[in-house]
Amino acid sequence: MTVFRQMDRVLLRLRPLYWSARGLIRSRTLAFFVCQRQAQLPTPDGTEIRLGGVGREDIATRLAVARGDDPREYCARLTAGHWVIYALGSDGDIQSWGWLTAPANVPQDSPWEFGIRMRVAPGSGFLWDYFTMPDYRGRGLYRILLQHSAEQCFLRGARRALGYADVSNTASSRGLANAQYLGQAEIHVKRFGPFCQISRHGFRQTVLVGGMVELDALLPHTV
Ligand SMILES: CC(C)(COP(=O)(O)OP(=O)(O)OC[C@H]1O[C@@H](n2cnc3c(N)ncnc32)[C@H](O)[C@@H]1OP(=O)(O)O)[C@@H](O)C(=O)NCCC(=O)NCCS
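Quick summary incoming for the structure in this document. All values reported here derive from a predicted model rather than from experimental measurement.

1. A look at the nonpolar core
So, point 1. Phe 33, Val 84, Leu 145 and Leu 162 are the most contacted members of the largest nonpolar core, which totals 50 residues.
So, point 2. Among the elements that line this core, the one with the most residues is helix α4 (residues 141–155), at seven residues.

2. Re the packing of α4 against helix α5 (residues 170–178)
So, point 1. One can describe the packing of α4 onto α5 by two numbers: an axis separation of 8 Å at closest approach and a directional angle of 50°. Classed by the angle they form, the pair α4 and α5 counts as oblique. In this structure, α4 meets α5 at a crossing whose hand is right-handed. Side by side, α4 and α5 meet where Tyr 142, Arg 143 and Leu 146 of the first sit next to Gly 175, Leu 176 and Asn 178 of the second.
So, point 2. The residue inventory of the contact of α4 with α5, partitioned by class, reads three nonpolar, two polar and one charged.

3. Some details on the sheet that holds strand β1 (residues 25–35)
So, point 1. Pairing within the open sheet is mixed, and its nine strands lie in the order β2-β3-β4-β7-β8-β1-β9-β10-β11. Unpaired on one side and paired on the other, β2 (47–52) and β11 (203–208) mark the two borders of the sheet. Recorded for the sheet is a direction-independent mean angle of 25° between the axes of neighbouring strands.
So, point 2. Pairing geometry for strand β3 (residues 83–89) and strand β4 (residues 94–101), over six bridges, is antiparallel.

4. What to know about the packing of helix α2 (residues 57–67) against helix α3 (residues 71–79)
So, point 1. Orientation of α2 relative to α3, taken along the N-to-C sense of each, is 140°, at an axis distance of 8 Å. Between α2 and α3, the angle falls in the class oblique. At the point where α2 passes α3, the crossing takes the right-handed sense. Residue-level inspection shows Glu 57, Ala 60, Thr 61, Leu 63, Ala 64 and Val 65 of α2 in contact with α3, the latter providing Pro 71, Glu 73, Tyr 74, Cys 75, Arg 77 and Leu 78.
So, point 2. For the contact of α2 with α3, the per-class residue count stands at eight nonpolar, one polar and three charged.

5. A closer look at the site of the ligand
So, point 1. Lining the immediate environment of the ligand, one finds 20 residues, of which Thr 132, Arg 137, Tyr 142, Ala 171 and Gly 175 sit closest.
So, point 2. Examining the composition of the shell around the ligand, we find that six residues originate from one element, α5, more than from any other.
So, point 3. Across the shell around the ligand, the residue classes tally to six nonpolar, nine polar and five charged.

6. Observations regarding α4
So, point 1. Taking 1.5 Å of rise per residue, 15 residues should cover 21 Å, and α4 covers 21 Å from first to last C-alpha, within 8% of that figure.
So, point 2. Across the 15 residues that make up α4, a large majority, 11, are buried.
So, point 3. Residues Leu 141, Tyr 142, Ile 144, Leu 145, Leu 146, Gln 147, His 148, Ser 149, Ala 150, Glu 151 and Cys 153 constitute the buried set of α4.
So, point 4. Positive phi shows up at Gly 157, right after α4, with a value of about 100°.

Reading the values: the criteria
- Residues numbered from 1 in each chain as written.
- Predicted model: local features only at pLDDT ≥ 70, side-chain atom pairs only at ≥ 80, totals over all residues.
- Core = buried A, V, L, I, M, F, W, Y, C linked by C-beta atoms within 7 Å.
- Buried ≥ 20, exposed ≤ 12 C-beta atoms within 10 Å, placed from the backbone.
- Helix = DSSP H or I, 4+ residues; strand = E, 2+ residues; numbered from the N terminus.
- Axes fitted to C-alpha atoms, helices over the stretch in contact; angles between N-to-C directions.
- Parallel < 35°, antiparallel > 145°, perpendicular 65-115°, else oblique.
- Left-handed = near helix turned anticlockwise from the far one by under 90°.
- Contact = placed C-beta atoms within 7 Å.
- Nonpolar A, V, L, I, M, F, W, Y, C, P; charged D, E, K, R; others polar.
- Pairing = 2+ DSSP bridges.
- Near = placed C-beta within 6 Å.
- Expected span 1.5 Å × (residues − 1).

Structure below.
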């Protein structure tokens, strides 16, 4: 009896520890999609699709302000060689946008989940952080941008373009499917305090938050 009471006491003491440890665990399941080159690109009525790189810090700043993010971080994305693709209305409104990483010569790191960087090697294009302003949602702008984004990757020598969506994000997954991207794999990202475990069927890697995972290792061209 006393043994059970002592165990009860120990468990009671451990309970706060258990809950605070649980609070440090966060996980996401991401569906990755891949796109092959398409014969024809759609053009939206009254909206122009543009690509911005270094020198378009004005655009990066507008986008950061629109989302309440730090403009310096968005400008740094351009300096690091990433591209922003955006849908510009005839009234000058930026309606929808996203970022793409399509290195021609040397690998580039793009921001990914939980502070991890995704290393993209030449031969692949990687699309990330897409957003449509609430007033312009449901008009197919995301789908159109995804199609143009893939083409921009191919123009830079990529043989495939990859996008992803949280499995709970129906709008994003549908947009990718509507843009003729094919589902490729589900990736699980689980954070335990300062560590993240990244896994899919046949692959597992643990990295520190702020560390890096290679896209070609996570999803080889043959997967
Ligand atoms: C996801 C997002 C970019 C889609 O933008 P959008 O320009 O409205 O997308 P589209 O018009 O191309 O629509 C894509 C599909 O999602 C559907 N959809 C739009 N809003 C939806 C919602 N709230 N719930 C479910 N489906 C939705 C559309 O109906 C369409 O599918 P359908 O043509 O088969 O009906 C936009 O909702 C957004 O900015 N969300 C917040 C940020 C985000 O989640 N980004 C994606 C992760 S990178």
